Amino acid sequence: MEEAEKKAPSVTDRYYTRWYKTDMKGKPCEDHCILQHSNRICVITLAESHPILQNGRKIKSINYRISDGCSRLNNKVSGKSKRGGQFLTEFAPLCRITCTDNIEYTIFSCIRGRLLEVNEDILKQPDLLLEKPSTEGYIAVILPKLEESKSITNGLLTRQQYEEVVSKRTAQQPKPCRDQP
Amino acid sequence: MLSLKEKDSPIVRKLLDAGCCARCVLRFCCVGKCSSYQLPSEDINKELLAFLSEADGEQSHGAAEQTQTEDPPCKKLKLDSAPVGQDGSSEASAAHTEPNVQSEICVACLGVLQDFCDLSYTKQVCEVVRKADYKFGSLVLAVSLPAQLSVREHSCWLHIKKEVKEKSMCLDKEDVVQVKDAFKWAIQGMVGKELGTPVLTNSLFEVSVGFTHPETEADCHFLATTCSDCFKPTKNKASVFTRMAVVKALDKISDAKFLRHYPCPPVRPASKCTPLDTTCLHTSVFIAGRYNKFSRELPQTPWVIDGERRMEGSVEELIADPLLSSFRADGFNFSSSGREDVDVRTLGNGRPFAMELLNPHRAKFNGAEVRQLQEVINASSDKIRVRDLQIVTRDAMGRMKEGEEEKTKSYSALIWTKKAITNSDLDFIANIKELKIDQKTPLRVLHRRPLAVRQRVIHSMSASYLDTHHFRLQLHTQAGTYIKEFVHGDFGRTKPNLCALMESEVDILELDVEDSVYVPLPTTLDDL
Ligand SMILES: [Zn+2]
């Protein structure tokens with residue numbers, strides 16, 4: 001058991017590759033983290049540097065209805081081929097999250113693919129998003145096209161590149177990222 | 001002896017005139033005696049001619065006038081063109097028919113019952129069978145004939161229908177011996193003798209011969225316009241004129257309509273059939289057993305992602321390789337009662353599996369030989385072990401997947417917990433009984449399975465302490481429960497999960513399948 005004494009890599013570490021999209025849509029620090037399974041399925045999560053997760057902020061509401069005509073909650077897939085799932089592009093909004101200070105953030109797909117499911121648990125328990133942003137507080141699950149499963153991560157940063165971006169940021173700005181409406 | 005009756009003579013005469021071969025004449029006379037077809041062609045010809053002259057001898061008195069008026073036009077034509085005298089009629093007709101019988105290709109069978117019923121073609125077929133190197137105790141012959149043969153058969157039938165009905169009202173087209181059967185009767189004796197095995201109507205070993213005749217393929221085409229509904233294009237078939245479709249169309253078409261579109265009797269072909277390659281096929285053998293998997297780096301079936309092999313070897317290949325070489329099979333299909341992940345071991349009695357061995361060149365293995373095979377498999381790798389290996393029926397293979405949901409499985413898992421483990425944690429786990437959990441299709445299989453929430457039952461659990469952050473978890477669960485996801489929660493998609501139950505981050509480091517309880521197949525063999 002000696003080697004297991006050391007903290008073993010987590011489930012996420014073992015089966016998923018972490019990809020990052022920083023400053024999404026030019027909004028400073030709105031970083032997303034995409035967990036890609038070796039079977040190409042992607043789980044969209046907030047990166048730990050996202051403003052929502054800073055300074056003990058609280059969530060007022062999470063809304064998967066991204067426009068009058070479109071709610072991600074209506075997404076239904078059927079069969080092995082996941083017929084009927086909404087097809088998303090990189091900049092497709094997944095949900096809008098409003099913090100108790102009334103600042104609203106939009107979470108984006110970041111990759112092209114078919115929407116398989118959104119996480120309804122965070123609607124009932126928004127704290128999941130704050131406490132476990134990279135596991136139970138995930139935002140959505142997306143299945144990229146088979147032929148695009150390699151190329152969808154082309155515009156994303158690796159874990160190392162992401163860490164470099166974040167440390168550069170802290171160097172420029174002594175304080176951690178602040179929300180900037 | 002051809003067992004022809006006196007009333008057959010008009011049929012015989014008409015068919016010989018139309019250009020039918022001797023064996024086809026026997027067929028249309030409904031001769032059902034196999035041995036008649038086994039005689040050499042020349043001998044049947046001679047007997048037919050002898051039969052005709054005998055019949056003519058008997059008929060030449062008093063019946064002459066009637067013959068003159070009732071003869072169908074084609075015979076009249078022949079009679080007209082030949083120098084027929086009142087007394088010499090028998091000689092004349094014999095002299096006339098002889099060349100037709102001997103030198104020309106039959107309008108009905110396109111030569112199948114002429115040139116391919118001899119010893120030289122038989123030897124050719126047997127040579128292929130011998131080269132293919134099968135072990136077999138008997139064989140069945142399968143014959144595939146060009147579809148247009150049915151059209152020609154129908155035309156010949158219409159040509160002599162009246163005479164057959166005169167012979168006996170009971171006889172109909174179905175009583176005519178089929179080309180296929182006549183062919184088998186003619187050669188099966190020789191094939192059996194050549195190969196030293198009986199040729200039966202049913203055998204696990206099939207030798208297929210076939211013929212094509214491109215010259216007359218267009219014979220069928222008129223049916224497509226007269227009976228268009230019988231010829232629906234299908235994806236896999238190169239031509240819509242399959243034998244089945246042609247037979248169906250001929251069944252529907254009226255005699256008058258047929259005669260308007262197709263000559264009766266059929267036109268003489270310029271060439272004989274071309275034989276297709278002879279092929280051999282042995283019915284699959286099914287073999288079943290249970291396997292243990294002792295490696296955490298071995299998938300059950302080859303693991304391929306994007307066309308690339310992810311890991312060397314697989315359970316099915318380790319089992320199949322020795323079997324393929326012993327049975328000398330062309331391929332296999334593997335089936336098992338469920339499957340385990342690459343990194344999961346399968347211990348205990350093992351997981352039931354069955355394998356279909358395709359086209360085995362050797363199919364018979366006795367109990368001792370099967371046990372020997374099992375030893376060969378087990379000696380070939382220490383990653384797996386096979387027991388209860390036995391030859392089973394096709395049905396048993398099908399039942400492998402039955403009742404999978406009802407089965408109970410037991411597992412053993414090595415668990416890591418973030419918090420320090422206490423005795424009350426272990427007690428808490430042991431007290432959980434018949435826990436219902438809801439599992440969304442795990443993310444790790446979601447790319448190939450439908451998204452659904454399935455309820456599963458954890459019947460019981462027990463935990464034994466290893467160190468502050470590790471314990472061994474034994475689980476009895478409903479089959480189909482995803483154990484890994486029950487432990488780590490799969491992003492909260494399995495509820496409840498062990499993380500939630502223990503109020504700690506927990507992870508599964510190792511998993512073994514201990515046993516599948518209640519599995520009817522295969523029979524456990526006594527300790528070997
Ligand atoms: Zn013939």
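Please read all numbers here as calculations on a predicted model, not as lab measurements.

With that settled, consider the side chain of Ser381(B). Within the secondary structure, Ser381(B) sits in the loop between helix H15 (367–380) and strand E11 (384–392). Looking at Ser381(B), its side chain comes within polar contact range of the main-chain nitrogen of Lys383(B), at 3.0 Å.

Residue and element names in this part refer to chain B. Taking 1.5 Å per residue, 17 residues should reach 24 Å; helix H10 (residues 179–195) reaches 23 Å between its end C-alpha atoms and fits that length. The axis of H10 is deflected most strongly, by about 40 degrees, at isoleucine 187. Buried within H10 we find Val179, Ala182, Phe183, Trp185, Ala186, Ile187, Val191, Gly192 and Leu195. Downstream of H10 by a residue or two, glycine 196 has a phi angle that is positive, lying close to 70 degrees.

A separate point is the sheet that holds strand E8 (residues 93–99) of chain A. Residue and element names in this part refer to chain A. Taken in spatial order, the three strands of this open sheet run E4-E8-E9, and their pairing is antiparallel. Edge positions in the open sheet fall to strand E4 (59–63) and strand E9 (104–108), since each of these has one partner strand only. The mean inter-strand angle of the sheet, taken between neighbouring strand axes irrespective of direction, is 20 degrees. Pairing of E8 with E9, which is carried by five bridges, proceeds in the antiparallel orientation. What sits directly across from proline 93, in E9, is phenylalanine 108.

Residues and elements named next belong to chain B. Across chain B, pLDDT averages 87, with 88% of residues at or above 70. Predicted confidence for residues 62–102 stays below pLDDT 50, and this span has 30 contacts to residues more than four positions away or in other chains. Across the interfaces of the predicted complex, the ipTM metric reaches 0.92, alongside a pTM of 0.73.

With 78 residues, the main nonpolar core has Leu48(B), Leu113(B) and Phe183(B) as its most contacted residues. With eight residues, H10(B) is the single largest residue contributor to this core. Apart from residues lying up to four places away in sequence, Phe183(B) is in contact with Val112(B), Leu113(B), Phe116(B), Cys117(B), Tyr121(B), Val143(B), Val209(B) and Phe211(B). By size, the runner-up hydrophobic cluster in this structure holds 33 residues, among which are Trp19(A), Leu46(A), Ala92(A) and Ile139(A).

Next up on the list: the sheet that holds strand E2 (residues 32–37) of chain A. Residue and element names in this part refer to chain A. Overall, antiparallel pairing links the seven strands, which are arranged E7-E10-E11-E3-E2-E1-E12 in an open sheet. Looking at the sheet topology across the chains shown, the edges are occupied by strand E7 (87–88) and strand E12 (157–158). The pairing of strand E10 (residues 113–118) with strand E11 (residues 140–143) spans four bridges and is classified as antiparallel. Of the residues in E11, the one forming a bridge with arginine 114 is leucine 143.

Let us now look at the coordination of the zinc ion. Residues and elements named next belong to chain B. Distances from the zinc ion to its protein donors, namely Cys21 (SG), Cys24 (SG), Cys106 (SG) and Cys109 (SG), fall within the range 2.2 to 2.3 Å. The coordination sphere of the zinc ion comprises four donor atoms, whose angles at the metal cover 105 to 114 degrees; the geometry is tetrahedral. Going along the chain, you hit the donors of the zinc ion in the pattern C-x2-C-x81-C-x2-C. Each of the two residues, cysteine 106 as well as cysteine 109, counts as buried.

What follows concerns the pattern of salt bridges. All told, the structure shown has 41 salt bridges over all chains when counted by the stated rule. For the salt bridge of Asp127(A) with Lys58(A), the shortest nitrogen-to-oxygen distance reads 4.0 Å. Highlighted residues: Asp127(A) in helix H4 (residues 127–131) and Lys58(A) in the loop between strand E3 (42–46) and E4, separated in sequence by 69 residues. As a salt-bridge pair, Arg130(B) and Glu194(B) come within 3.7 Å of each other at their nearest N and O atoms. Of this pair, Arg130(B) sits in helix H8 (residues 119–132) while Glu194(B) sits in helix H10, and the two are 64 residues apart along the sequence. Judged by relative accessible area, which is 26%, Glu194(B) ranks as partly exposed. Within this structure, Arg296(B), Arg345(B), Arg472(B), Glu510(B) and Asp512(B) form a network of salt bridges that share partners.

Moving on, we get to the UniProt feature "domain: Pus10 N-terminal eukaryotes" (unreviewed entry) in chain B. What UniProt calls "domain: Pus10 N-terminal eukaryotes" (unreviewed entry) maps, in this numbering, to residues 106–280 of chain B. Secondary structure content for residues 106–280 of chain B is 42% helix and 11% strand, while the C-alpha to C-alpha distance between its ends is 28 Å.

Moving on, we come to the environment of Met397(B). Residues and elements named next belong to chain B. Position of methionine 397 relative to the elements: it lies in helix H16 (residues 394–399). A relative accessible area of 12% means that methionine 397 is categorised as buried. A C-alpha to C-alpha distance of 9.3 Å links methionine 397 and phenylalanine 334, two positions 63 residues apart in sequence. Leaving out residues up to four positions away in the same chain, methionine 397 has contacts with Phe286, Asn333, Ser335, Ala354, Met355 and Glu356.

Attention shifts here to the pairing of E11(A). Residues and elements named next belong to chain A. Covered by surrounding structure in E11 are Ala140 and Ile142 together with Val141 and Leu143, the residues of both alternating faces. Two elements, E3 and E11, share three bridges in a ladder whose sense is antiparallel. When the sheet's bridge partners are listed, isoleucine 44 is paired in E11 with alanine 140.

The peptide bond linking Cys264(B) to Pro265(B) adopts the cis configuration, its omega dihedral lying at 0 degrees. Between Lys495(B) and the following residue, Pro496(B), the backbone shows a cis peptide bond with an omega angle of -10 degrees. A positive phi is found at Cys29(A), a non-glycine position, where the angle reads about 70 degrees. Note that Cys29(A) resides in the loop between strand E1 (16–21) and E2. Using a relative accessible area of 4% as the deciding quantity, one classes Cys29(A) as buried.

The subject of this paragraph is helix H17 (residues 423–430) of chain B. Residue and element names in this part refer to chain B. Among the residues of H17, those classed as buried are Asp425, Leu426 and Ile429. Angularly, the buried residues of H17 cover 95 degrees about the axis, an arc narrow enough to put them on a single face. Buried positions along H17 lie against strand E14 (453–467), strand E15 (470–478) and helix H19 (498–502).

This brings us to the interface of chain B and chain A. Tallying the contact residues gives 28 residues for chain B and 34 residues for chain A. Taking both sides of the interface into account, the surface hidden between chain B and chain A amounts to around 2400 Å²; carbon and sulfur atoms contribute 57%. Three residues stand out in chain B for area buried against chain A, namely Leu443(B), His447(B) and Phe491(B), and they jointly supply 28% of the buried area on that side. Residues Lys495(B) and Asp121(A) are paired through a salt bridge, measuring 2.5 Å at the closest nitrogen-oxygen approach. For the pair chain B and chain A, the number of links is nine residue pairs in polar contact (both at pLDDT 80 or more). At three residues, the largest contribution of residues to the side of chain B that touches chain A is made by strand E17 (residues 506–517) of chain B. Of the residues belonging to the side of chain B that touches chain A, the class tally is eleven nonpolar, four polar and 13 charged.

Parameters at a glance
Residues numbered from 1 in each chain as written. Chains lettered and ligands numbered in written order. Predicted model: local features only at pLDDT ≥ 70, side-chain atom pairs only at ≥ 80, totals over all residues. Heavy atoms only, no water. Helix = DSSP H or I, 4+ residues; strand = E, 2+ residues; numbered from the N terminus. Polar contact = N/O pair within 3.5 Å; in protein donor to acceptor, adjacent residues only side chain to side chain. Expected span 1.5 Å × (residues − 1). Bend = angle between axes of the 7 residues up to and from the residue. Buried < 20%, exposed > 50% of the residue type's maximum accessible area, 1.4 Å probe, protein only. Pairing = 2+ DSSP bridges. Axes fitted to C-alpha atoms, helices over the stretch in contact; angles between N-to-C directions. pLDDT = per-residue confidence, 0-100. Contact = heavy atoms within 4.5 Å. Core = buried A, V, L, I, M, F, W, Y, C linked by side-chain atoms within 4.5 Å. Donors = N, O, S within 2.8 Å, 3.2 Å for Na, K, Ca; no water. Tetrahedral: all angles 85-135°; square planar, octahedral: opposite > 155°, others 65-115°. Salt bridge = Lys/Arg side-chain N within 4 Å of Asp/Glu carboxyl O. UniProt positions renumbered as here; feature names shortened; annotations may be inferred. Arc of directions from axis to C-beta. Buried area = accessible area lost by both parts, 1.4 Å probe. Nonpolar A, V, L, I, M, F, W, Y, C, P; charged D, E, K, R; others polar.

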